[in-house]
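# A structural walkthrough
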Amino acid sequence: RINVSLVPPLVLLPVFLHVAALHFLLGLVILTSLPVVVLWYYYLTHRRKERTLLFLSLGLFSLGYMYYVFLQEVVPRGHVGYSQVVALTCGLILMLAALFRAKKDPGYLPIPASSEQPSRQNPPSKSVRGSANGLHGVTASGAASSRAVNGEAKGPSRTSAEEPEGVKKDWCTKCQLVRPARAGHCRLCGRCVRRLDHHCVWINSCVGEQNHQAFILALSFFMLTSVYGITLTLRTICRGRTPFVALFYCPGAYSDYSSALSFTCVWYCAIVTAGMGYILLIQLLNISYNVTEREARLALRDNTGRRLLGGLVIDTGQYNRGFLCNWGHFLSLGSSPPQRSAEDIV
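Chains are numbered independently. Their residues run from 1 in the order of the written sequence. pLDDT decides what is reported in this predicted model: residues at 70 or higher carry local features, side-chain atom pairs at 80 or more are listed and counted, and totals for whole chains, interfaces and linings draw on all residues regardless. Values reported for side chains reflect all heavy atoms of the structure, with hydrogen atoms and water molecules removed beforehand.

The name recorded for the protein in an unreviewed UniProt entry is Palmitoyltransferase, from Tauraco erythrolophus. UniProt positions are given in the numbering used here, feature names are shortened, and annotations may be inferred rather than shown by experiment. The Catalytic activity (unreviewed entry) comment attached to the protein in UniProt states, word for word, "L-cysteinyl-[protein] + hexadecanoyl-CoA = S-hexadecanoyl-L-cysteinyl-[protein] + CoA". Of the protein, the UniProt comment under Subcellular location (unreviewed entry) reads exactly: "Golgi apparatus, trans-Golgi network membrane".

The backbone phi angle of Asn 204 is positive, close to 55°, even though this residue is not glycine. You can call Asn 204 buried: its relative accessible area is 9%. Not every positive phi belongs to a glycine, and Leu 309 is a case in point at roughly 55°. Per-residue accessibility, obtained with a 1.4 Å probe over protein chains only, is compared with the maximum for each type, and a residue is labelled buried under 20%, exposed over 50%, and partly exposed between these values.

A separate point is the UniProt feature "transmembrane region" (unreviewed entry) in the protein. The residues that UniProt annotates with the feature "transmembrane region" (unreviewed entry) are residues 15-41, 53-70, 82-100, 214-237 and 257-281. Secondary structure elements follow DSSP: runs of H or I no shorter than four residues count as helices, runs of E no shorter than two count as strands, and numbering proceeds from the N terminus. Span residues 15-41 is 89% helix and 0% strand, its end C-alpha atoms 19 Å apart. Annotation note: span residues 257-281, helix share 100%, strand share 0%, distance between end C-alpha atoms 36 Å.

Moving on, we come to the environment of His 46. Position of His 46 among the secondary structure elements: in helix H2 (residues 24-47). What makes His 46 partly exposed here is its relative accessible area of 35%.

This part is about helix H3 (residues 54-74). Multiplying 1.5 Å by the residue count of a helix minus one yields the expected span of that helix. Between the first and last C-alpha of H3 there are 28 Å, a value that for 21 residues agrees with the 30 Å anticipated at 1.5 Å per step. Along H3, the residues that are buried comprise Leu 54, Phe 55, Leu 56, Ser 57, Leu 58, Ser 62, Leu 63, Tyr 65, Met 66, Val 69, Phe 70 and Val 74.

The next thing to look at is the packing of aromatic side chains. Centre distance within 6.5 Å is the pairing criterion for rings of Phe, Tyr and Trp, where only the six-membered ring of Trp is used; planes under 30 degrees apart are then read as stacked, over 60 as edge-to-face, and the remainder as tilted. On inspection of all chains with the given rule, the structure shows 12 aromatic pairs. A ring pair is formed by Phe 61 and Tyr 65, whose centres lie 6.0 Å apart and whose planes are at 25°; its orientation type is stacked. Of this pair, Phe 61 and Tyr 65 both sit in helix H3, separated by four residues, roughly a single helical turn. Taking relative accessible area as the criterion, Phe 61 reaches 23% and is therefore assigned partly exposed. Ring centres of Phe 323 and Trp 327 lie 6.4 Å apart, and the angle between their planes is 50°; this geometry places the pair in the tilted category. On the criterion of helical spacing, the pair formed by Phe 323 and Trp 327 is a turn pair, its members being four residues apart in helix H11 (residues 323-331). Judged by its relative accessible area of 52%, Phe 323 is exposed. Taken together, the ring pairs connect Tyr 41, Tyr 42, Tyr 43, Phe 55 and Trp 202 into an aromatic cluster.

As for its position among the elements, Pro 35 is in helix H2. The class for Pro 35 is partly exposed, based on a relative accessible area of 29%. Here the alpha-carbon distance between Pro 35 and Ile 271, two residues 236 residues apart in the chain, equals 8.1 Å.

Listed below in structure tokens is the structure:
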């Protein structure tokens, strides 16, 4: 069965871009309305807590279609060298490889087998025990008193013997396990993830401890490849002008349909690149302050964080150890298996 959300990008994107290439005003209307429609659909699915493949299919098909237009309409003009095509292709391959890695396990916490029948195996008078799945003796009465925090089931927390002082672990009633520090429950995936940052609709998966580095690499390779492709295209269809000037003033862009289609695709890429650039900027700032998107959102709700750099980053102060230490911590994510507490070993 084919997922219905895969169809719209495959059909509508080429149609809209070809229609936008017919006239400047059509291009202005279509390229302005596309981001609005995408944002509306994002908020609609996010509010309903639904997963969708539309954004992933839109991103992948956009990459493929832009690359096709580049090879069919730009390269034959003779102003792009063989080495430049190879460089652009290598950037695209590296980005797809990083994206493939980011699609893998973000760091899901294993669901204990006893969670299916908690009432039978864990009477109220006894504590919930676990071995290798991260359970640390949380009483059933404590779990019953859990409260919902930002859509997550969160209850009494305790400090593990292996964790620094002040770092707590929380009970998740949905997954029936104790979450390590900085872990969170994703409402869309229905799983708890180690060091949960956010659920990214563009990869249709969570960004957590195991795939955060690959996510940043995918965004970085996309930015470099997209900017390079835009520059090559503008230098071809708008000769004699710098790429930035040509993006806003290119008199010969609509002289023929091939140039108009290339120029329309350039503007489409520029809009997408600007959005992804903003996401990458926020991610880099969060890493520099060692804060996740989830922690920043909770800090804003509880009024426990500081807005910095005009509100671009929320510093909770809980894990911030300085710029170099924060980046060293990020680069070491997933390099070693998570430690178990002394209670687990016993």
